[in-house]
Amino acid sequence: MKFYCNKVIGFTKKAVRLSIGGGYIKIAYYDYIGNIDIAGNWIFYGDNDGLVYGKNRRKSKKRATRLIRDRICTFNAKEAIMENSLPKHIAIIMDGNGRWAKKRFMPRSFGHRAGAQTLNKLLKEADKIGIEHITVYAFSTENWTRPKDEVNSLMNLLREYIDDYIKDNETSNIKIDSIGDLSRLDEDLRNKINTLKEISSCKKGLNLHIGLNYGGRDEIMRAVKKMYGELKSGNIKESDINEELFSSYLDTKGIPDPELIIRTSGEMRLSNFLPWQSTYSEIYISDKLWPDFNINELNKAIEHYKNRDRRFGGR
Ligand code: FPP
């Protein structure tokens, strides 16, 4: 029996749920071997005994794997599905920490601290499911206008975050760097960030890009100035200038554009976050305040993304 699947409904840690038409749903384990037809549909070979449902999962999983391997062994289904449907890069505007704290009659710094914990939980999950890049807006060029004690508490939280990473460095798989103009940060913090980048540079897992004193317009102005300098010194010619070259002067050089941007707390704007890079990003607004944005919410956002019809201006 041959099952055609053209829709991935959801992911669990070990399996995907697939729609196979006629209202039927199939659960397929990642280590099954399937095949891809010319239309890009995933073809799953097996029979009813190969469907894995209910109590006897382990036994039927083994049996189905054997059945499938006996028939056709050409493609790794997990890679195919992941490649087609998961965003490689998710950018997040972590909004709502202040309101979350206020609801609990606590200072705003309490909300930011809870927000940092939320971030850590989500990073682990995102790494596990195969997201390659996460960019977060931790401190914008506009955030300097907040009361001094809030700015200080955010900077101290960052210091702590880095110290914790360095302390537990061996247990982490995450590679960290930053986007934004670090020159306005205190020297000790800049040094910590450099150490962090160095220590994490050998990591093979998810790439976390932290926006620090980041503003999209500021990033573009800095890029224009750098490019102008290169032009004046003759390192580049006017005819070299194109989108690709310009992108290479941005802080996000080498990072793919985010396919998905998530903003929490129900606010519907990008607030100077990645204006160049977000041209074709899908935007997902969650009503949750950032500290309440859990793994379930992340999966919901990814599901939404997967159901969007991305046409990039074409038809
Ligand atoms: C916006 O919400 C949030 C920020 C300006 C700070 C975000 C920073 C963190 C979550 C800290 C974690 C990051 C690292 C890397 C240490 P808001 O407080 O303005 O929310 P409000 O609109 O409810 O006031």
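Residues numbered from 1 in each chain as written. Predicted model: local features only at pLDDT ≥ 70, side-chain atom pairs only at ≥ 80, totals over all residues. Heavy atoms only, no water.

Chemist: I keep staring at the overall build of the chain and nothing clicks. Help me out?
Modeler: For the chain, the count of helices and strands is 9 helices and 13 strands. Within the chain, the fraction of its 315 residues that count as buried is 46%. Summing over all exposed atoms, the chain offers an accessible surface of approximately 17700 Å²; the carbon and sulfur share of this is 50%. (Helix = DSSP H or I, 4+ residues; strand = E, 2+ residues; numbered from the N terminus. Buried < 20%, exposed > 50% of the residue type's maximum accessible area, 1.4 Å probe, protein only. Areas by Shrake-Rupley, 256 points an atom, 1.4 Å probe, with all protein chains shown as cover.)

Chemist: Whenever I open this one, the nonpolar core confuses me. Can you help?
Modeler: Considering soluble globular proteins, one finds that nonpolar side chains tend to be buried as a cluster. Grouped together as the largest cluster of nonpolar side chains are 41 residues, with contacts concentrated most on Ile 90, Ile 134, Leu 208 and Ile 262. Elements supplying a minimum of two residues to this core: β8 (89–93), α4 (108–129), β9 (133–140), α5 (148–167), α6 (187–200), β11 (207–214), β12 (260–263) and α9 (295–307). For this core, the leading source of residues is α5, giving 8 residues. Beyond its immediate stretch of four places on either side in the chain, Ile 134 contacts His 89, Ile 90, Ile 92, Leu 123, Ala 126, Leu 206, Asn 207, Leu 208 and His 209. In terms of nonpolar packing, the next biggest core, distinct from the first, is built from 8 residues, Ile 93, Tyr 137, Tyr 214 and Phe 273 among them. (Core = buried A, V, L, I, M, F, W, Y, C linked by side-chain atoms within 4.5 Å. Contact = heavy atoms within 4.5 Å.)

Chemist: For this particular structure, what's the right way to read the pattern of salt bridges?
Modeler: Pairing of side chains with opposite charge becomes possible as their charged atoms draw close. This structure, assessed with the given rule, holds 16 salt bridges. Residue Arg 99 is joined to Asp 95 by a salt bridge in which the shortest nitrogen-to-oxygen separation is 3.6 Å. Among the ionic pairs, Lys 306 bridges to Glu 303, the shortest N-O distance being 2.9 Å. Placement of the pair is Lys 306 and Glu 303 together in helix α9, with a separation of 3 residues, close to one helical turn. Salt bridges sharing partners connect three or more residues here, namely Asp 95, Arg 99, Arg 263, Glu 267 and Arg 269. (Salt bridge = Lys/Arg side-chain N within 4 Å of Asp/Glu carboxyl O.)

Chemist: Would you mind showing me how to read the pairing of strand β10 (residues 175–179) here?
Modeler: It is a general feature of regular strands that their side chains alternate between the two faces of the sheet. Note that β10 and β11 share 5 bridges and pair parallel. For Ser 178, the partnering residue across the bridge sits in β11 and is Ile 210. Crossover handedness for the path β10 to α6 to β11: left-handed. (Pairing = 2+ DSSP bridges. Right-handed = clockwise from strand over helix to strand, strands pointing away.)

Chemist: What am I meant to see in the site of the ligand here?
Modeler: Gly 98, Arg 99, Arg 108, His 112 and Arg 146 are the nearest of the 17 residues found near the ligand. Within the side chain of Asp 95, one N or O atom sits 3.2 Å away from an oxygen atom of the ligand. A distance of 2.9 Å separates an oxygen atom of the ligand from a polar side-chain atom of Arg 108. Protein coverage of the free-state accessible area of the ligand, which is 630 Å², stands at 91%. (Near = heavy atom within 4 Å. Polar contact = N/O pair within 3.5 Å; in protein donor to acceptor, adjacent residues only side chain to side chain.)

Chemist: Please explain the pairing of β12 as it appears in this structure.
Modeler: Alternating residues of β12 divide into Leu 260 and Ile 262 and Ile 261 and Arg 263, and every residue in both groups is buried. One ladder, built from 4 bridges, connects β8 with β12; its direction is parallel. Across the sheet, the residue bridging to Ile 90 is Leu 260, located in β12. One ladder, built from 4 bridges, connects β12 with strand β13 (residues 282–285); its direction is parallel. By the bridge assignment, Ile 262 is partnered in β13 with Tyr 284.

Chemist: Explain the packing of aromatic side chains here, please?
Modeler: Both the distance between ring centres and the angle between the ring planes are used here to describe each pair of aromatic rings. According to the stated counting rule, one finds 7 aromatic pairs in the structure shown. Ring plane angle 20 degrees and centroid distance 5.6 Å describe the contact between Trp 290 and Phe 293, whose orientation is recorded as stacked. Taken individually, Trp 290 and Phe 293 each receive the classification buried, so the pair is uniform in this respect. Grouped by ring-pair contacts, the aromatic residues Tyr 137, Tyr 214 and Phe 273 constitute a single cluster. The ring of Trp 100 carries Arg 104 above its face, with NZ or CZ at 3.9 Å from the centroid. (Phe/Tyr/Trp six-rings, centres within 6.5 Å; stacked < 30°, edge-to-face > 60°. Lys NZ or Arg CZ within 6 Å of the ring centre and 35° of its normal.)

Chemist: Mind showing me how you'd approach the confidence of the model for the chain here?
Modeler: Parts of the prediction with low pLDDT should not have their coordinates interpreted in detail. Across the chain, the average pLDDT comes to 83, with 71% of residues at 70 or higher. Note on residues 31–43: pLDDT under 50 across the span, and 48 contacts to partners over four residues away in sequence or across chains. Overall, residues 64–84 carries pLDDT values under 50, and its contacts beyond four positions in sequence, including any with other chains, amount to 44 contacts. (pLDDT = per-residue confidence, 0-100.)

Chemist: Mind showing me how you'd approach the sheet that holds β8 here?
Modeler: Sheet strands pair by backbone hydrogen bonding; their relative direction is either parallel or antiparallel. Ordered in space as β10-β11-β9-β8-β12-β13, the 6 strands form an open sheet in which the pairing is parallel. In the strand order of this sheet, the two ends are held by β10 and β13, each with one partner. Recorded for the sheet is a direction-independent mean angle of 20 degrees between the axes of neighbouring strands. Of the strands in this sheet, β8, β12 and β13 are in contact with α9, which crosses β12 at around 140 degrees. (Axes fitted to C-alpha atoms, helices over the stretch in contact; angles between N-to-C directions.)

Chemist: Help me understand a nonpolar patch on the surface in this model?
Modeler: A surface patch of nonpolar side chains, amounting to about 260 Å² of accessible area, comprises Tyr 228, Leu 231 and Ile 241. Structurally, Tyr 228 is set in helix α7 (residues 216–232). (Patch = residues over 30% accessible without salt bridge, like charges linked within 9 Å, V, L, I, M, F, W, Y side chains within 5 Å.)

Chemist: Honestly, the side chain of His 209 in this entry has me stumped. Any pointers?
Modeler: Mapped onto the secondary structure, His 209 falls in strand β11. The class of His 209 is buried, set by a relative accessible area of 3%. At a separation of 2.6 Å, a polar atom in the side chain of His 209 contacts the side chain of Asp 177. Aside from chain neighbours lying at most four places away, what touches His 209 is His 133, Ile 134, Thr 135, Val 136, Asp 177 and Ile 255.

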